[in-house]
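Observations on the model geometry
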Amino acid sequence: MAETLDLSMFVRRHEGTAHMDLAVGGIGCAACIRKIEGGLKRLPGVIEARLNFTNRRLAVDWREEELAAADVIAALEDLGYPAHPFQPERAEAEEARHMRWLVKCLAVAGFAAMNIMLLSVSVWSGSLDMSQETRDFFHWLSALIALPAAAYAGQPFFQSAWRALRTRQLNMDVPISLGVITALGMSLVETASHAHHAYFDSATMLLFFLLCGRALDHAMRRKTRAAAGNLAALKAEFAHRFEQSEVVRVPAAALKSGDRLLVRPGDRIPADGVVLSGTSEIDESLVTGETARRGVIAGAAIHAGSVNFSGTLTMRVTAAGAGTLIDEVERLLEKAVDAKSRYVRLADRAARLYAPVVHATAALTVIGWLAAGASMHDAIVTAIAVLIITCPCALALAIPAVQVVASGTLFRAGVILNSGDAIERLAEVDTVIFDKTGTLTLPEPRVANAAALAPDLLERAARLALSSRHPLAAALAREVRERTPYDGAIEEPGQGVRAMIDGAEARLGRPAFCGIAGEANDEPGASTIAFSHAGRSVTLVVRQKLRADAAETIAELRARGLDVIILSGDRPAAVAPIAAHLGVVDWRAGLNPAEKIAAIEALKGEGRRVLMVGDGLNDAPALAAAHVSLSPVSAADITQAHADAVFLGERLAPVLDAVRIAAHARRLMRQNLWLAVVYNAVAVPIAILGYATPLIAAAAMSGSSILVTLNALRVRARNAPPSGRSRAGQLATASVP
Amino acid sequence: MNVLVYLVPMALALGLTGLAAFLWSLRNGQYEDMDGAALRVLQDDDVSMERD
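Residues numbered from 1 in each chain as written. Chains lettered and ligands numbered in written order. Predicted model: local features only at pLDDT ≥ 70, side-chain atom pairs only at ≥ 80, totals over all residues. Heavy atoms only, no water.

For chain B, the helix and strand inventory stands at 2 helices and 0 strands. Looking at the 52 residues of chain B, the share that counts as buried comes to 19%. For chain B, the accessible area works out to roughly 4,100 Å², and carbon and sulfur atoms hold 63% of it. (Helix = DSSP H or I, 4+ residues; strand = E, 2+ residues; numbered from the N terminus. Buried < 20%, exposed > 50% of the residue type's maximum accessible area, 1.4 Å probe, protein only. Areas by Shrake-Rupley, 256 points an atom, 1.4 Å probe, with all protein chains shown as cover.)

Now the structure itself:
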C-alpha cells in the first residue's frame, strides 16, 4: 500500500531541523537502546536519536529535506518496534518542572540538615566543656545555614498551607509550616540570648524527611502517568482521509469536523460521523456492549471505536450532534462528575483532627506553666517545644509512604492508577459491578472451538489468516504461533483467502468458498468460517470469549465478601449464559447509559460503595458515577479517561489484585496513623514537662519517620506478584494490541 | 580552638560544592533516564555489535 502518511501535527520544526517524540513499544532489554539508536542514526539525515529507557520514549532530530517523519516510524517498525508519535501534554511538562523543583528543595534541605547536624552534634557532645562563645558561634552558624535553606526548601509546604488557609481550610501543611517557622523563630531568639538549646537541626531535618516523601510520591505518580501516556499513544488510530484526489493516512487526533474518510473492512472507525456511501456491518461492542453486528447504509450515524466488518465505507466526520449517543453520554458524564461529592482523603481527615488538638495542647502548656509560676519566656519556649515535637513528621509521612509503595506494587500487578486517592476508595469497596462485553469477555472475538480442532490444521488456518484484512481472519490470526504469512496468498473480496501450502491449495473463508456445506449458525454475535487444505476441512466458530480467569477471579472476589453484579448493554440472551457460567445471580441486560447510572445510584442509596469495571463508551457515565472505577486498557478513550485506574493484559486478575492491595494498603495507612498517635502520646508529655531537648526532638523525629516508612514497605513484601504475571513495566509498553 | 576558624568554613565549602555539583547534574538532565544510564554503561561503543 503506497499511501502517504501525514504526521506533520507531531513534528516540531526549528531552522531546517525537525524534532519528534515517540512512544516506543516492545523495549525489553539493554540491547534495544543500541539497536534503536544505532538503527536510526544510520538513516540519512538523522542528526540525533536518543531513547529514554525509563519511560520508553524516543526523541529524534533530523534534517527535514532529507527524511520524512513517516520514514522514521517505518524504520522503527523494520527494527521490530511499534512506535507512535505523541505530543507531550502540557500537564506532563508541568509535572516534570514541579519534580525538578521538589528535588532542588530536597537537595538544599539535605545539605542544610547534614551541615547543621554536624554543628549540633558538636554542641550536644561538648556542651559541658564548650565555652559559651564557641556554642554561640555554632548556633549563629546554624542559623546562617538554616534560615535561607528553610526559606527555599520550605516553599512547597508554605505555599500549600497558605492556599489552604486562604480558603479557610486546614491541611497537613499548616501545622508543618507553623512548626518549622516557630522552631526557627524561637531558636533565633534563644541564640541571641546565649541560651543552651536551639532547634535549627530539627526544623531542617523535618523539611528533609518530608521532602523525601513528597518527591517519591511525585516520582511514582509521574511514572504511572508516563506509562499511561505511552499506552494511549500506541493505541492511537490512523484514519484514511480524502485530500483532493488522493487518500492520505493521518493520525485520528488530526481529524476535523467535515473531513471525508475512507474506512476499509477490518479498520476501526476513527471518529464519530455519518456514512456517505457504501454498505457494511459494524461491530459496536466497544460502544454499546452489543455483540451482534449492525448493518449500516448511507446516512447512518457511526461512532468512533466501532469496527467496520464487511464493506468499504466513506464517511464524513461530524461533531457530536444533539440526540446522538455520544451527546447523551457526555451530558450524563457532566452530571455524574458534578454530583461526585468531593472525597475527603484520609490524610486530610487526620489533619483536621490533629491540628486543633496540637495547637490547643501548646496553648494549654503556656497557661499551665504560667499558672505554675514559670516566667513568660520559659512558658513560651516549652510550648514551642511541644509544637516542634508534635510536628507531624510521622503523621505526614504515614500515608504518602504507603501510597508510594502501594502504587508501585499495583503498577507491577498491571494496574495503572489515574487518580491519587483511588487506593483509599478502592479499599472501601463492598460491591463490584462488571460490564460484560470487553470486560468479562476479551475485547476482540476469538476462535471459540479452538480446543476441539486438530492443532496442525488450526495453525495452518491461522497462518493463512495473517494474509487477510477481514476481522474474522484477524480473530483467527491470534491463535497463530509462527507469525510469517504464506507466500503468494490471494484475497478474494467477500469470499476468503487462498494460497498453495505444501503443494496443495488451502482456502479460508466462507464455508461455500472452501467447498463445505455451511452449518446453520443462528447464534447472534457468533460467526462461522471454514478452512480446507488437501482434502481436510474444519469449521471455526468465532465469537466473544470470556477472559481465561474470569470465573476464578469472580469466585475470589465473592470469597472476600464482595457482591458481584453484571450490568450489560447487550441483549439478555447473550448475558444469561455468561452470568450462569460465572455463578452471578444478580445480572441485568439491555441497559442504556442512563439505566446503568440509575442502578448504581440505587446501590449507593443503600449505602454501598460500588466499584464499576467497564470498557464501553456506554459505561463512561457509570464509571464516573461509581465510588471508584477500573477499566481495561482496551477501553474507549473517554471511558478510560474517567476510570480511576486502568488494568493491562488479557486477564481479569488485576481487578482482584487492585482490591486486595488497596485493602492491605489502607490497613497499613491506619496502622501508621496509630503509630504516629502512639509516638505523640509518648513524646508530648515529655515536651510539656520541658524535657524536650534538641537531641530528644531529633531522635524522636527520625525514629518515628523511619518506623512508618518501614511499615509501609510491608505492602510490597506481602503482595509480591507471583512469577508469570509481573513486570507490568514491560507489559505497559509491549502488550498494546 | 583557633583551628575552627578555618576548619568550619572548609567543611561548609565542601558541603556547598557537593550541593552545587548536584544541582548542576540535575540541570544537566542526568536524572531523566535512570534505568537507561545503568544499561548504557555496559555498551561497548567502540566494538561493532552488528552480528544479527
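With that settled, consider the overall build of chain A. Helix and strand counts for chain A come out as 25 helices and 28 strands. Counting only C-alpha atoms and orienting by the principal axes, one finds that chain A spans roughly 105 × 65 × 50 Å. For chain A, buried positions account for 53% of its 737 residues.

As a further point, take the pairing of strand β3 (residues 17–24) of chain A. Residues and elements named next belong to chain A. Burial analysis of β3 places 7 of its 8 residues in the buried class, which makes it a mostly covered element. Relative to β3, strand β2 (residues 12–14) is paired through 3 bridges, and the arrangement is antiparallel. Note that in β3 the partner of His14 across the bridge is Thr17. In this structure, the hairpin formed by β2 and β3 is closed by a connection of 2 residues, where Glu15 is found at a positive phi of approximately 50°. Bridge analysis of β3 against strand β5 (residues 57–63) gives 7 bridges, and the strand direction is antiparallel. Note that in β5 the partner of His19 across the bridge is Asp61. Summarising the sheet, β3 and strand β6 (residues 83–85) pair through 3 bridges and their orientation is antiparallel. (Pairing = 2+ DSSP bridges.)

The subject of this paragraph is the pairing of strand β10 (residues 273–277) of chain A. Residues and elements named next belong to chain A. Of the pairings in the sheet, the one linking β10 to strand β13 (residues 301–302) comprises 2 bridges and is antiparallel in character. Its bridge partner being in β13, Gly273 is matched across the sheet by Ile302. Bridge count between β10 and strand β15 (residues 313–317): 4 bridges; the pairing is antiparallel. Considered in β15, the bridge of Gly273 is made with Val317.

This brings us to the packing of aromatic side chains. For the structure on display, the rule yields 3 aromatic pairs over all chains. Seen from their ring centres, Phe208 of chain A and Phe209 of chain A are 6.3 Å apart, and the 45° between their planes marks the pair as tilted. Taken together, a centroid distance of 5.5 Å and an interplanar angle of 45° make the contact between Phe22 of chain B and Tyr31 of chain B tilted. The partly exposed category is assigned to Phe22 of chain B, whose relative accessible area is 26%. Assessed through its relative accessible area of 35%, Tyr31 of chain B is described here as partly exposed. In this arrangement the basic side chain of Arg56 of chain A is found over the ring face of Phe53 of chain A, its NZ or CZ atom lying 4.7 Å from the centre. It is Arg249 of chain A that lies over the ring of Phe238 of chain A; its NZ or CZ is 4.4 Å from the centre. (Phe/Tyr/Trp six-rings, centres within 6.5 Å; stacked < 30°, edge-to-face > 60°. Lys NZ or Arg CZ within 6 Å of the ring centre and 35° of its normal.)

Interfaces are frequently sized by the accessible area removed from exposure as the parts join. Each partner contributes residues to the interface: chain B has 23 residues there, and chain A has 23 residues. Both sides of the chain B and chain A interface together cover about 2,100 Å² of buried area, and 66% of this is carbon and sulfur. It is Leu12, Leu26 and Arg40 of chain B that lose the most area in chain B upon contact with chain A, and together they represent 24% of the buried surface on that side. Counting across the interface, chain B meets chain A through 2 salt bridges. (Contact = heavy atoms within 4.5 Å. Buried area = accessible area lost by both parts, 1.4 Å probe. Salt bridge = Lys/Arg side-chain N within 4 Å of Asp/Glu carboxyl O.)

We now examine the pattern of salt bridges. Residue and element names in this part refer to chain A. Considering all chains together, one arrives at 34 salt bridges over all chains under this definition. For Arg498, the salt bridge goes to Glu505, with nearest N and O atoms at 3.8 Å. Assessed through its relative accessible area of 23%, Arg498 is described here as partly exposed. Here Glu505 falls in the partly exposed class, since its relative accessible area comes to 34%. Two residues, Asp619 and Lys596, come together in a salt bridge whose shortest N-O distance is 2.4 Å. In this pair, Asp619 is assigned in the loop between β26 (610–613) and α20 (620–625) and Lys596 in helix α19 (residues 593–605), connecting sequence segments 23 residues apart.

Okay, helix α23 (residues 694–712) of chain A next. With 19 residues, α23 of chain A should cover 27 Å at 1.5 Å per step; its first-to-last C-alpha distance of 27 Å lies within 8% of that length. Within α23 of chain A the residues assigned to the buried category are Pro694, Ala697, Ala698, Ala700, Met701, Ser702, Ser704, Ser705, Val708, Asn711 and Ala712 of chain A. (Expected span 1.5 Å × (residues − 1).)

Residues and elements named next belong to chain A. Strand order in the open sheet formed by 7 strands is β16-β28-β27-β26-β17-β24-β25, with mixed pairing between adjacent strands. Strand pairing shows two members of the sheet lacking a second neighbour, β16 (415–417) and β25 (587–588), which therefore form its edges. Inspection of the sheet shows β16 paired to strand β28 (residues 645–647) by 3 bridges, in the antiparallel sense. Following the sheet pairing, Ile416 is matched in β28 by Val646.

Our next topic: a positive patch on the surface. A cluster of basic side chains, namely Arg560, Arg667, Arg714 and Arg718 of chain A, defines a positive patch on the protein surface. Tracing the backbone through its elements, the reader meets Arg560 of chain A in the loop between α17 (550–559) and β24 (563–567). (Patch = residues over 30% accessible without salt bridge, like charges linked within 9 Å, V, L, I, M, F, W, Y side chains within 5 Å. Lys, Arg positive; Asp, Glu negative; His and termini not counted. Charge placed at Lys NZ, Arg CZ, Asp CG, Glu CD.)

Let us look at the sheet that holds strand β11 (residues 280–283) of chain A. All names here are of chain A. Spatially, the 3 strands line up as an open sheet ordered β12-β11-β14, and their pairing is antiparallel. Among the strands making up the open sheet, the edge pair consists of β12 (294–296) and β14 (307–308). Where β11 and β14 come together, 2 bridges link them in antiparallel fashion. When the bridges of β14 are listed, Ile282 appears paired with Asn308.

For the rest of this paragraph, the subject is the confidence of the model for chain A. Chain-level statistics for chain A give a pLDDT mean of 84 and a share of 94% at 70 or above. Residue range residues 723–737 of chain A is modelled with pLDDT below 50. Its contacts to residues more than four positions away, or to other chains, number 31 contacts. (pLDDT = per-residue confidence, 0-100.)

Our focus in this paragraph is helix α12 (residues 393–412) of chain A. With 20 residues, α12 of chain A should reach 28 Å at 1.5 Å per residue; the first-to-last C-alpha distance of 29 Å fits that figure. Most of α12 of chain A is tucked away: 18 of the 20 residues are buried.

What follows deals with unusual backbone geometry. All names here are of chain A. Notably, Arg56 is not glycine yet its phi reads approximately 55°, a positive angle. Arg56 gets classed as buried once you look at its relative accessible area, which sits at 7%. Positive phi outside glycine occurs at Asp502, with the angle close to 50°. Among the structural elements, Asp502 can be located in the loop between β20 (496–501) and β21 (504–509).

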